[in-house]
Amino acid sequence: MYEWQQQIQSMVDEMDACIKHHHDEALTLRKLSDKLGYSEFYTTRKFREISGLRLRDYLRRRKLAFALKEVRDSERSLLDIALDYGFSSHEAFTRAFKDAYGVTPSAYRKAPKPVVLRTKINPFDRYFLGLGEIGMIKSEDDVKIYFVTIPAHKFLHIKNYESNGYWDFWQKQALIPGQDYETVCGLLDSIKGKLDDTGGSEANCGSGQIMAYMNDPKGRLCDWGIPRTECWGVRLPTDYRGEVPPGMYLADIPEGEYVVFEHGPFDYEQENRTVEEKIEQAMASFDYDASGCRLDTTPGRPMYFYYDPNQYFKYIRPVSRTKG
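Everything numeric in this text was worked out from a predicted model, so none of it was measured.

## Things to note about the pairing of strand E4 (residues 227-236)
When you tally the buried positions in E4, you get nine out of 10 residues, the bulk of the element. Bridge count for strand E3 (residues 209-221) against E4 is nine bridges, and the pairing is antiparallel. Bridge pairing in E4 links Arg220 to Arg228.

This is the structure we're talking about:
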């Protein structure tokens, strides 16, 4: 039933890998459709049917997203960057860049500002499609629990007072103009200096974007009776002075102690639900009193949720000490 979603997902993954390694010769429609075993016409038709995007438009915007980060973060010449990402000349690159972001590459390099990048699409997601995990559990890693002190930083984010969980959060955000997943994640992906950015170009997987639950008297009561607001954003250095996009908030987070519940790498399709249950069980059974601390419910303190199946699944909860 979902064969074509899987096929398009494999093509999307292939395109990202080729862009990252500058393998333009593998990014032709013929090569991509041949790899799937279908005609070029049928491949492009199914891509648009499933993603809502024309294949060439998606590929062009993804190349520009990768190129923008090089313009922003490197000192390489604009011509070299243009050629690496398949543009025939400096002028062609400049036209495409300005059409997409409203600013030329040279002007953007001098004064980077938040712009909406084309994040990677994920047409085949077992959980989004309601398929759940396959159930072939391979990992027997236990949940690690440890304390950390996180230095002061800023948190640039959107928030939703009504949502309850990741999927519900984005469904509700989609109803707010300019606050949908693609726009928000595209904006955050373009911001320079994110503390958790490992160079990726998709949301919640290398680009420094994380879910957070902010202690907030105006928020919903969570399962353990604490009012909180669900947020999505990026951590930034305390000296960040960049532009705050419309509809976003910039919070000052002081240095504080946190308890971390972390599971290591896992197979998303086979283990996601099981790993989530392990984490939830560990958090529910953790004895704060025995550890000499309590969950800190001070307004403004965040609980961060880091999620990357290739690295970890972890919650970072704020605590305060009750004894020495």
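Right, picking up where we left off after that structure.
## Notes on the packing of helix H4 (residues 55-73) against helix H6 (residues 90-101)
At a closest axis distance of 11 Å, the pairing of H4 and H6 adopts a crossing angle of 100°. The orientation of H4 relative to H6 falls into the category roughly perpendicular. Residues Arg60, Arg61, Leu64, Ala65, Ala67, Leu68 and Val71 of H4 pack against Phe93, Ala96, Phe97, Asp99, Ala100 and Tyr101 of H6. Taken together, the residues of the contact of H4 with H6 sort by class into 10 nonpolar, no polar and three charged.

## Overview of the nonpolar core
Core analysis: the biggest nonpolar cluster contains 36 residues, and Leu188, Trp232, Phe261, Tyr288, Phe313 and Tyr315 have the highest contact counts within it. The next biggest cluster of nonpolar side chains, apart from the first, holds 34 residues, and it includes Val12, Ile19, Phe66 and Ile81.

## A short note on the packing of aromatic side chains
Two measures describe an aromatic ring pair: the distance that separates the ring centres and the angle between the ring planes. Taken as a whole and judged by the stated rule, the model has 27 aromatic pairs. Relative to Phe97, the ring of Phe93 lies with its centre 5.7 Å away and its plane at 70°, an arrangement referred to as edge-to-face. Of this pair, Phe93 and Phe97 both sit in helix H6, four residues apart, which is roughly one turn of that helix. The class of Phe93 is buried, set by a relative accessible area of 0%. Exposure remark for Phe97: the relative accessible area of 0% places this residue in the buried category. Site record: aromatic cluster; members linked through ring pairs are Tyr166, Trp167, Phe169, Trp170, Tyr181 and Trp232. A cation over a ring is seen here: Arg301 above Tyr258, with NZ or CZ 4.7 Å from the ring centre.

Reading the values: rules and limits
Residues numbered from 1 in each chain as written. Predicted model: local features only at pLDDT ≥ 70, side-chain atom pairs only at ≥ 80, totals over all residues. Heavy atoms only, no water. Buried < 20%, exposed > 50% of the residue type's maximum accessible area, 1.4 Å probe, protein only. Helix = DSSP H or I, 4+ residues; strand = E, 2+ residues; numbered from the N terminus. Pairing = 2+ DSSP bridges. Axes fitted to C-alpha atoms, helices over the stretch in contact; angles between N-to-C directions. Parallel < 35°, antiparallel > 145°, perpendicular 65-115°, else oblique. Contact = heavy atoms within 4.5 Å. Nonpolar A, V, L, I, M, F, W, Y, C, P; charged D, E, K, R; others polar. Core = buried A, V, L, I, M, F, W, Y, C linked by side-chain atoms within 4.5 Å. Phe/Tyr/Trp six-rings, centres within 6.5 Å; stacked < 30°, edge-to-face > 60°. Lys NZ or Arg CZ within 6 Å of the ring centre and 35° of its normal.

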